[in-house]
Amino acid sequence: MFIPLYDSNRLRHIRLQYVTIGLIALNAIVYLITSLSGENFTNAAVLGLGFIPSVVHNTAELDPRFVVIPEQLSYVTYAFLHADFIHLGGNMLFLWVFGDNVEDALGHIRYLIFYLLCAVAGALFQSLVAWNSQVPLIGASGAIAGVVTAYLILYPRVKVWVLAFARIPLRIPAFIPLILWVLFQVVMFAAGGEDQISWACHIGGIIAGAILVLVLRSRGVPLFAAADEDTVAPTPDQQQVAVEPAAPETPAATPRWGRGNPSGPN
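These figures come from a predicted structure and were not determined experimentally. (Residues numbered from 1 in each chain as written. Predicted model: local features only at pLDDT ≥ 70, side-chain atom pairs only at ≥ 80, totals over all residues. Heavy atoms only, no water.)

*Asks:* How do you make sense of helix 6 (residues 108-129) when you look at a structure like this?
*Replies:* An α-helical turn contains 3.6 residues, so a residue and the one three or four places further along point in the same direction. With 22 residues, helix 6 should cover 32 Å at 1.5 Å per step; its first-to-last C-alpha distance of 32 Å lies within 8% of that length. Taken together, the buried positions of helix 6 are H108, Y111, F114, Y115, C118, A119, A121, G122, A123, Q126 and S127. Residues of helix 6 that are buried make contact with helix 1 (18-36), helix 3 (53-56), helix 4 (74-77), helix 5 (85-106), helix 7 (141-154) and helix 9 (199-216). (Helix = DSSP H or I, 4+ residues; strand = E, 2+ residues; numbered from the N terminus. Expected span 1.5 Å × (residues − 1). Buried < 20%, exposed > 50% of the residue type's maximum accessible area, 1.4 Å probe, protein only. Contact = heavy atoms within 4.5 Å.)

See below:
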């Protein structure tokens, strides 16, 4: 539907979005390790670290060869695995464009908690919809859905550059593409869309993001904030310049500067 490119939204409370950068780096490193280690290693990682509802709910048992972590940890670990570069790149692009300002609004630690809880919510919702599924769930989409929803609630009027239909550059208020994105996830989930995508995971992230941003945002951070350009300072031509009143004319030979005269020396 659209590809986000850039937003006109400066950081207000932090100097650097190092949690967002760290998450992107970690996802990229995990992808490089799994993709460069061969198909067998990749499959083992997906089975051992991916989220499998039937295994978590004890309706199926994972081959002991692939058990590398307690099954409950897969509520988080699945979010750092990606199927291919497109899968990784799409998620990380959304995180790069929108994550920094959400981190700015929440603070570093609360933002990390927020991100991980959105990932957990995505897996949880998927497990409720497909309780006995034996298909591993992987990808950061649940967490990214939470970030996108939080941005929509915090900064709906900020201008963003997007590629509409992957080819038409537009600079539009964030609420336009983000509301359309959220609605698209809901429609695809309701319609039982494409099997390769877990729409339920996206819905879980959206719900969690909408709730958690209200609870975790820093004190004083408003909702539905205006864009920076909506509060532009007056230009030099618009600024009002105070002009001192002219001194009353007095005979040149006998000037009288009094303390009550604002235009003369005291």
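Now, onward.
*Asks:* In this structure, what is going on with the packing of helix 7 against helix 9? I would like to understand it.
*Replies:* A pair of packed helices is characterised by two quantities: the angle between their axes and the separation of those axes. Viewed as axis vectors pointing N to C, helix 7 and helix 9 meet at an angle of 40 degrees, and their least axial separation amounts to 7 Å. Here helix 7 lies oblique to helix 9, going by the angle between them. Read as a crossing pair, helix 7 and helix 9 show a hand that is right-handed. For the pair formed by helix 7 and helix 9, the contact residues are S141, G142, A145, G146, T149, A150, I153 and L154 on the first element and C201, H202, G205, I206, G209, A210, V213 and L214 on the second. Residues belonging to the contact of helix 7 with helix 9 are distributed by class as follows: nine nonpolar, seven polar and no charged. (Axes fitted to C-alpha atoms, helices over the stretch in contact; angles between N-to-C directions. Parallel < 35°, antiparallel > 145°, perpendicular 65-115°, else oblique. Left-handed = near helix turned anticlockwise from the far one by under 90°. Nonpolar A, V, L, I, M, F, W, Y, C, P; charged D, E, K, R; others polar.)

*Asks:* Please explain a nonpolar patch on the surface as it appears in this structure.
*Replies:* A contiguous nonpolar patch, built from M1, F175, I176, I179, L180, L183 and F184 and spanning about 600 Å² of accessible area, is present on the exposed surface. Topologically, M1 is positioned in the segment before strand 1 (2-7). (Patch = residues over 30% accessible without salt bridge, like charges linked within 9 Å, V, L, I, M, F, W, Y side chains within 5 Å. Areas by Shrake-Rupley, 256 points an atom, 1.4 Å probe, with all protein chains shown as cover. Salt bridge = Lys/Arg side-chain N within 4 Å of Asp/Glu carboxyl O.)

*Asks:* Is there a simple way to think about the nonpolar core in this case?
*Replies:* Nonpolar side chains tend to gather and get buried jointly when the protein is soluble and globular. Counting residues in each nonpolar core, the largest one holds 57 residues, and the members touching the most others are L95, F98, F114 and Y151. For this core, the secondary-structure elements that each account for two or more residues are helix 1, helix 5, helix 6, helix 7, strand 2 (159-164), helix 8 (175-191) and helix 9. Per-element accounting of this core gives the leading share, 10 residues, to helix 7. When residues no more than four places from it in sequence are discounted, the contact partners of F98 are P4, V147, V148, Y151, V160 and L178. (Core = buried A, V, L, I, M, F, W, Y, C linked by side-chain atoms within 4.5 Å.)

The quantities given are spatial measurements derived from coordinates; they are silent on function.
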